[in-house]
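Spelled out from the first residue to the last, the chains are:
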Amino acid sequence: MWSNQQLDWLFDDWERAVRRSLARRLTHRQVTVLRAQWRLGLAAKGGLLLLPLLLFLSLLLPRSDPLLRGALLFWSALETFLLCSHVALGVSQRVSYSWAFHHSRPLLLSDMAATRDLKSKALLASFFAIIALLCLLTVS
């Protein structure tokens, strides 16, 4: 049976992530944090679907349209918040819910693997924060 990898990425399965997990012997608190990260990830991925629409609208609307800039500001601020929440939760328990693109599978990471994954997500969050700041400066 053919599997659509993009849909697998968008609607990843919690049980599949637990089965393929690299993390062993997790506490109840860590599992709770990982489940919260999974939910935040689903929300962030849903928000990424709005980016092509916003970019398409930016081609159609005049560049000075404050409504579009406000929408980009809200989008980037929301993505920044979701990623920062994911990182903050993960740092508190040294775990991370992640997606292994090269294997096309969700993973639960702990310790050093989680630290590396959280650093990359923090870098991505700072990128979205810069977009939000640029939108805020151009709206004013």
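Quick caveat: nothing in here was measured; it's all calculated off a predicted structure. (Residues numbered from 1 in each chain as written. Predicted model: local features only at pLDDT ≥ 70, side-chain atom pairs only at ≥ 80, totals over all residues. Heavy atoms only, no water.)

Visitor: Tell me about the overall build of the protein chain, and please be specific about residues and values.
Guide: In terms of regular secondary structure, the protein chain is built from six helices and two strands. The order of helices and strands in the protein chain, counted from the N terminus, is α-α-α-α-α-β-β-α. When each of the 140 residues of the protein chain is scored for burial, the buried share is 36%. Sequence-distant contacts, at least 24 apart, represent 71% of the contacts inside the protein chain between residues at least 6 apart. For the protein chain, the exposed area adds up to about 9,100 Å²; of that, 69% sits on carbon and sulfur atoms. (Helix = DSSP H or I, 4+ residues; strand = E, 2+ residues; numbered from the N terminus. Buried < 20%, exposed > 50% of the residue type's maximum accessible area, 1.4 Å probe, protein only. Contact = heavy atoms within 4.5 Å. Areas by Shrake-Rupley, 256 points an atom, 1.4 Å probe, with all protein chains shown as cover.)

Visitor: Account for the packing of helix H3 (residues 28–48) against helix H5 (residues 66–93), with residues named and values stated.
Guide: The geometry of a pair of packed helices is captured by two quantities: the angle between their axes and the separation between those axes. Where H3 meets H5, the axes come as close as 9 Å, and the angle between the chain directions of the two elements is 165°. With respect to H5, the axis of H3 lies roughly antiparallel. Between H3 and H5 lies a crossing whose hand is left-handed. Contact residues: H3 offers Arg29, Gln30, Val33, Ala36, Gln37, Leu40, Ala43, Ala44, Gly47 and Leu48, while H5 offers Trp75, Glu79, Leu82, Ser85, His86, Leu89, Gly90 and Gln93. Its residues placed into classes, the contact of H3 with H5 shows nine nonpolar, seven polar and two charged. (Axes fitted to C-alpha atoms, helices over the stretch in contact; angles between N-to-C directions. Parallel < 35°, antiparallel > 145°, perpendicular 65-115°, else oblique. Left-handed = near helix turned anticlockwise from the far one by under 90°. Nonpolar A, V, L, I, M, F, W, Y, C, P; charged D, E, K, R; others polar.)

Visitor: Before we move on, can you summarise the nonpolar core with the specific residues and values?
Guide: Membership of the largest hydrophobic core is limited to eight residues, which are Leu54, Leu68, Leu72, Trp75, Leu83, Ala125, Phe128 and Cys135. Among the elements that line this core, the one with the most residues is H5, at four residues. (Core = buried A, V, L, I, M, F, W, Y, C linked by side-chain atoms within 4.5 Å.)

Visitor: So what about the packing of aromatic side chains? Which residues, and what values?
Guide: The final tally for this structure, using the stated rule, is two aromatic pairs. Taken together, a centroid distance of 5.3 Å and an interplanar angle of 90° make the contact between Trp75 and Phe128 edge-to-face. Taken as a pair, Trp75 in helix H5 and Phe128 in helix H6 (residues 111–139) lie far apart in primary sequence, 53 residues in all. Each member of the pair, Trp75 as well as Phe128, is classed as buried. Ring geometry for Phe127 versus Phe128: centroids 5.8 Å apart, planes at 55°, classification tilted. Here the aromatic cluster, defined as three or more aromatic residues joined through ring pairs, consists of Trp75, Phe127 and Phe128. (Phe/Tyr/Trp six-rings, centres within 6.5 Å; stacked < 30°, edge-to-face > 60°.)

Note that every value here comes from positions in space, so none of it alone points to a role or purpose.
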